[in-house]
Amino acid sequence: MPIATPEVYNEMLDRAKAGKFAYPAINVTSSQTLNAALRGFAEAESDGIVQISTGGAEFLGGQYSKDMVTGAVALAEYAHVLAEKYPVNIALHTDHCPKDKLDGYVRPLLAISEERVKAGRNPLFQSHMWDGSAETLADNLSIAQELLERARAAKIILEVEITPTGGEEDGVSHEINDELYTTVDDAIRTAEALGLGEKGRYLLAASFGNVHGVYKPGNVVLRPELLKELSEGVAAKFGKASPFDFVFHGGSGSTEQEIQTALENGVVKMNIDTDTQYAFTRPVAGHMFQNYDGVLKVDGEVGNKKAYDPRTWGKLAEAGMAARVVQATQHLRSAGNKLK
């Protein structure tokens, strides 16, 4: 199937919310990791989301120029070609973009999609994230209003992060403390500024103790039940039940029960990066250790070309990451739920 159209993406999100499941949003940084993500979704018979962070886009742009927009556009165009060979719907998304990178990343990408839509085509990306969690909520929502208006015109969904997620990702970091919990007042102010769909659809990354990075279960205090409190608080004021499409950030180390509670309370997208990075790299490390004298020209020997051929260990990496994507779809209940 081709990359999801705006209409298909909206239907994907609607089905997830109604069915209380979520799509894994897999960060990719190369054609190899893109193939791994697509393979995993196809094997799980799950639609899904592939996303590119600012750091990922810079890496994709090549270390000569490190141009984020070039990297993101190049992989997105490649994905549009490649996805047609996979029997699932895939949405393309850009991950965390803080204020100082908007002009070098999200705004130029929005402009590209605006031109595509004016020409009668679909947008290049289906959604973009604005990470204003380091700003005051007032400034965060002011910028979100501007971006939401442009996104709506380009048939794109905006993702907003209104309060901090702990840990660090692509240079954006927050302390792990009591500020990692969105309040009902925060949610009401968001609804007042961005509306509840009438000004454009948006995904809401609310904080319920989420932390980016590597943590064992129990080391992070998650309160996914908080999402229900936010929904009920906003519903009581605006009269719209289940008002938000929530995003789960910093999910590494979450227990299955925490994930299930989040799904029951409106999460439709869960970001997965740390775990898939490891799943991609681990088979490569194993191959290198097991074939030490083949991948290296030890003691003046010539090594083993079949051992150091990037295709040899690249296939192992793809398989390892694809398997982790399948596991994610099972945890999030999207496995077997692809659009027909």
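What you see is a predicted model, and the numbers here were worked out from it, not measured in a lab.

Cut-offs used in this document
Counting starts from 1 at the beginning of each chain's written sequence and moves along it residue by residue. In keeping with the predicted nature of the model, local features appear solely for residues at pLDDT of at least 70, side-chain atom pairs appear and are counted solely at 80 or more, and the whole-chain, interface and lining totals rest on all residues. Side-chain measures here rest on the full set of heavy atoms in the structure, leaving out hydrogens and waters. Numbered from the N terminus, helices here are DSSP runs of H or I no shorter than four residues, and strands are runs of E no shorter than two. In this setup the radius of gyration rests on C-alpha atoms only. A globule is expected at 2.2 Å times the number of residues raised to 0.38. Note on contacts: a residue pair qualifies if any of its non-hydrogen atoms lie within 4.5 Å across the two residues. Each accessible area is a Shrake-Rupley result for a 1.4 Å probe, and residues are judged covered by the shown protein chains and nothing else. Charge assignment in this entry is limited to Lys and Arg as positive and Asp and Glu as negative, and neither His nor the chain termini are counted. Working definition for charges: the position is that of NZ of Lys, CZ of Arg, CG of Asp or CD of Glu. Relative accessibility thresholds used throughout: buried, under 20% of the residue-type maximum; exposed, over 50%; partly exposed, between the two (1.4 Å probe, protein chains only). One side-chain nitrogen of Lys or Arg within 4 Å of one carboxyl oxygen of Asp or Glu is enough to make a salt bridge. For our purposes a nonpolar core is just a set of buried Ala, Val, Leu, Ile, Met, Phe, Trp, Tyr and Cys residues, chained together by side-chain atoms within 4.5 Å. When DSSP locates at least two bridges between a pair of strands, those strands are taken to pair. Interaxial angle, 0 to 180 degrees, is taken between N-to-C directions of lines fitted to C-alpha atoms, where a helix line uses only the stretch in contact. Expected span of a helix: the number of residues minus one, times 1.5 Å. Comment on the angle field: the value is read as roughly parallel under 35 degrees, roughly antiparallel over 145, roughly perpendicular from 65 to 115, and oblique elsewhere. Note on convention: near helix rotated counterclockwise from far helix by under a right angle means a left-handed crossing. Clockwise means right-handed.

Looking only at helices and strands, the chain has 13 helices and 10 strands in total. Against the 2.2 N^0.38 benchmark of 20 Å for 340 residues, the chain shows a C-alpha radius of gyration of 20 Å, consistent with a compact globule. Principal-axis analysis of the C-alpha atoms gives the chain an extent of 75 × 50 × 40 Å. Within the chain, residue pairs in contact and separated by at least 24 positions form 75% of the contacts whose partners lie at least 6 positions apart. Accessible area for the chain stands at about 14,800 Å²; split by element, carbon and sulfur atoms hold 51% of it. Charge-centre separation for the chain: the mean point of 34 positive side chains lies 6 Å from the mean point of 46 negative side chains.

We now examine helix 9 (residues 256-264). Those residues of helix 9 lying buried are Glu258, Ile259, Gln260, Ala262 and Leu263. Against helix 8 (226-238), strand 9 (245-248), strand 10 (267-272) and helix 13 (310-331) lie the buried residues of helix 9. Positive phi shows up at glycine 266, right after helix 9, with a value of about 105°.

This part is about the pattern of salt bridges. What the rule picks out here adds up to 15 salt bridges. A salt bridge links arginine 333 to glutamate 264; the nearest nitrogen and oxygen atoms lie 3.0 Å apart. Placement of arginine 333 in the segment after helix 13 and of glutamate 264 in helix 9 is noted, with a sequence separation of 69 residues between them. Glutamate 264 sits in the partly exposed class, given a relative accessible area of 38%. A salt bridge links aspartate 309 to arginine 311, with the nearest nitrogen and oxygen atoms 2.8 Å apart. The class for arginine 311 is exposed, based on a relative accessible area of 58%.

All right, on to the nonpolar core then. If you look at the biggest cluster of nonpolar residues, it comprises 80 residues, and the most contacted ones within it are Tyr105, Val160 and Phe244. Residue contributions to this core peak at eight residues, all from helix 4 (residues 68-82). In this structure tyrosine 105 touches Ile52, Ser53, Thr54, Ala57, Met68, Val69, Ala72, Thr94, Asp95 and Cys97, once residues within four positions along its chain are discounted.

Read around the barrel, eight strands follow the order 1-2-3-4-5-8-9-10 and close on themselves; strand pairing throughout is parallel. The mean angle between the axes of side-by-side strands here comes to 25°, regardless of whether they run parallel or antiparallel. Strand direction decides the pairing type here: strand 2 (residues 48-52) and strand 3 (residues 90-94), joined by five bridges, are parallel. Each residue of the ladder has a partner; that of isoleucine 52, found in strand 3, is threonine 94. Helix-sheet contacts for helix 13 involve strand 1 (23-27) and strand 10, and the interaxial angle to strand 1 is about 150°.

This part covers helix 13. Along its 22 residues, helix 13 runs 31 Å from first to last C-alpha, staying within 8% of the 32 Å computed at 1.5 Å per residue. For helix 13, the full list of buried residues reads Gly314, Ala317, Met321, Ala322, Arg324, Val325, Val326, Ala328 and Thr329. For helix 13, the secondary structure elements touched by its buried residues are strand 1, helix 2 (31-44), strand 10 and helix 10 (274-290). Positive backbone phi, at 70°, marks arginine 333, one or two positions downstream of helix 13.

Residue position: tyrosine 86 is located in the loop between helix 4 and strand 3. C-alpha of tyrosine 86 to C-alpha of isoleucine 3: the two residues are 83 residues apart in sequence and 9.7 Å apart in space. Not counting the four nearest positions on each side in its chain, tyrosine 86 is found in contact with Met1, Asn35, Leu38, Arg39 and Ala42.

How two helices sit against one another is set out by the angle between their axes and by the gap between those axes. Relative to each other, helix 2 and helix 4 sit at 40°, their axes nearing to 11 Å. Relative to helix 4, the element helix 2 lies oblique. Between helix 2 and helix 4 lies a crossing whose hand is right-handed. Here Ser31, Leu34, Asn35 and Leu38 of helix 2 lie close against helix 4, whose contacting residues are Leu75, Tyr78, Ala79 and Leu82.

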